[in-house]
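Listed below, chain by chain, are the residues.
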Amino acid sequence: MIKQVTLETLQDLIPLFDAYRQFYEKDSDLKLAEEFLKLRIVHNESVIYMIYNEDKAVGFVQLYPSFSSTRLKRFWILNDLFVSPDFRGIGFSKQLIEEAKNLCRKTDACAMLLETSINNSIGNSLYKQTGFELRDDANFYEWSTK
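The present account deals with the structure reproduced in this document. Every value quoted in this text rests on a predicted model; they were computed, and no experiment measured them.

Brief notes about the pairing of strand β4 (residues 73–83)
Then, in step 1: Looking at chain direction, strand β3 (residues 56–68) and β4 are connected through 10 bridges and run antiparallel. Paired with Leu-63 across the bridge in β4 is Leu-78.
Then, in step 2: Once β3 ends, the chain turns through four residues before running back antiparallel as β4, passing Leu-72 with a positive phi of about 60°.
Then, in step 3: When β4 meets strand β5 (residues 112–114), the two strands line up parallel, connected through three bridges. By the bridge assignment, Leu-78 is partnered in β5 with Leu-114.
Then, in step 4: In terms of handedness, the path from β4 via helix α3 (residues 92–106) over to β5 forms a crossover that is right-handed.

Written out as structure tokens, the structure is:
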């Protein structure tokens, strides 16, 4: 079962989000994770879907809205996708991606974009299997304040 995260279900998401951040070698911080996620929900700055196995939250996907000036439409950035290690390989990631695609259709978005490491073989395989196409016509640059 997949549900959109609300303030009422936020507590189910916090440990998953914290585990996701730790996967990317960030320090565990349940309090800051809760504050960050709560602000995204309260200000409608992202859409988060959580997937449950029976009554246990086991994964989530978080999408941020953006806009294309050339296409004159909204697009979504699939920023975070995580499934607990004990529940990987069952298809939960694919279900979460399908829910994200439904959001794109529902909001008349022109696309969904994501970034993943070149070395993320599992992710790169997953995204190709779910219909994403690797773009070779653009470079991705980042400017950081640090």
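As for the side chain of Lys-101
Then, in step 1: As for its position among the elements, Lys-101 is in helix α3.
Then, in step 2: In this structure, Lys-101 is in contact with Met-112, Thr-130 and Gly-131, ignoring residues within four places of it in sequence.

Focus on the sheet that holds strand β2 (residues 47–53)
Strands in a sheet are paired, the pairing made by backbone hydrogen bonds, and the direction either parallel or antiparallel.
Then, in step 1: Strand order across the open sheet formed by five strands is β1-β2-β3-β4-β5, with mixed pairing between neighbours. Both outer strands of the open sheet, β1 (2–4) and β5, are each paired with one neighbouring strand and no more. This sheet shows a mean twist of 30° between the axes of neighbouring strands, independent of strand direction.
Then, in step 2: Bridging between β2 and β3 involves seven bridges; their strand directions are antiparallel. Across the sheet, residue Tyr-52 finds its bridge partner in β3, namely Ala-57.
Then, in step 3: Its contacts with the sheet place helix α1 (residues 10–23) against β2, β3 and β4, and it is angled at close to 75° to β3.
Then, in step 4: With respect to the sheet, helix α2 (residues 30–42) is in contact with β2 and β3, its orientation differing from that of β3 by roughly 55°.

Observations concerning the nonpolar core
Then, in step 1: Counting 22 residues, the largest nonpolar core has Leu-63, Leu-78 and Leu-81 as its most contacted members.
Then, in step 2: Of all the elements in the fold, those that place two or more residues in this core are β2, β3, β4, α3 and α4 (121–129).
Then, in step 3: Looking at this core, the element that brings in the most residues is α3, giving six residues.
Then, in step 4: Counting residues in each nonpolar core, the second largest holds 16 residues, with Leu-10, Ile-14, Met-50 and Ala-57 among its members.

A look at the pattern of salt bridges
Then, in step 1: Applying the stated rule across the entire model yields four salt bridges.
Then, in step 2: The salt bridge involving Arg-40 is made with Glu-45; its shortest N-O contact spans 2.7 Å.
Then, in step 3: For Arg-40, a relative accessible area of 14% translates into the label buried.
Then, in step 4: Taking the relative accessible area as the measure of exposure, Glu-45 reaches 33% and is therefore partly exposed.
Then, in step 5: Of the charged contacts in the structure, one is a salt bridge between Lys-101 and Glu-98, with a shortest N-O distance of 3.1 Å.

Let's talk about the packing of aromatic side chains
We describe a pair of aromatic rings using the distance from one ring centre to the other and the angle between the two ring planes.
Then, in step 1: Counted under the stated rule, the structure contains 10 aromatic pairs.
Then, in step 2: Ring geometry for Phe-60 and Phe-82: centres 6.3 Å apart, planes at 45°, overall tilted. Taken as a pair, Phe-60 in strand β3 and Phe-82 in strand β4 lie far apart in primary sequence, 22 residues in all.
Then, in step 3: Feature note: the residues Phe-17, Tyr-20, Phe-23, Tyr-24, Phe-36, Phe-60 and Phe-82 constitute an aromatic cluster, connected by ring pairs.
Then, in step 4: One Lys or Arg, Lys-3, reaches over the ring of Tyr-52 and ends 5.2 Å from the middle of that ring.

What counts as what
Residues numbered from 1 in each chain as written. Predicted model: local features only at pLDDT ≥ 70, side-chain atom pairs only at ≥ 80, totals over all residues. Heavy atoms only, no water. Pairing = 2+ DSSP bridges. Helix = DSSP H or I, 4+ residues; strand = E, 2+ residues; numbered from the N terminus. Right-handed = clockwise from strand over helix to strand, strands pointing away. Contact = heavy atoms within 4.5 Å. Axes fitted to C-alpha atoms, helices over the stretch in contact; angles between N-to-C directions. Core = buried A, V, L, I, M, F, W, Y, C linked by side-chain atoms within 4.5 Å. Buried < 20%, exposed > 50% of the residue type's maximum accessible area, 1.4 Å probe, protein only. Salt bridge = Lys/Arg side-chain N within 4 Å of Asp/Glu carboxyl O. Phe/Tyr/Trp six-rings, centres within 6.5 Å; stacked < 30°, edge-to-face > 60°. Lys NZ or Arg CZ within 6 Å of the ring centre and 35° of its normal.

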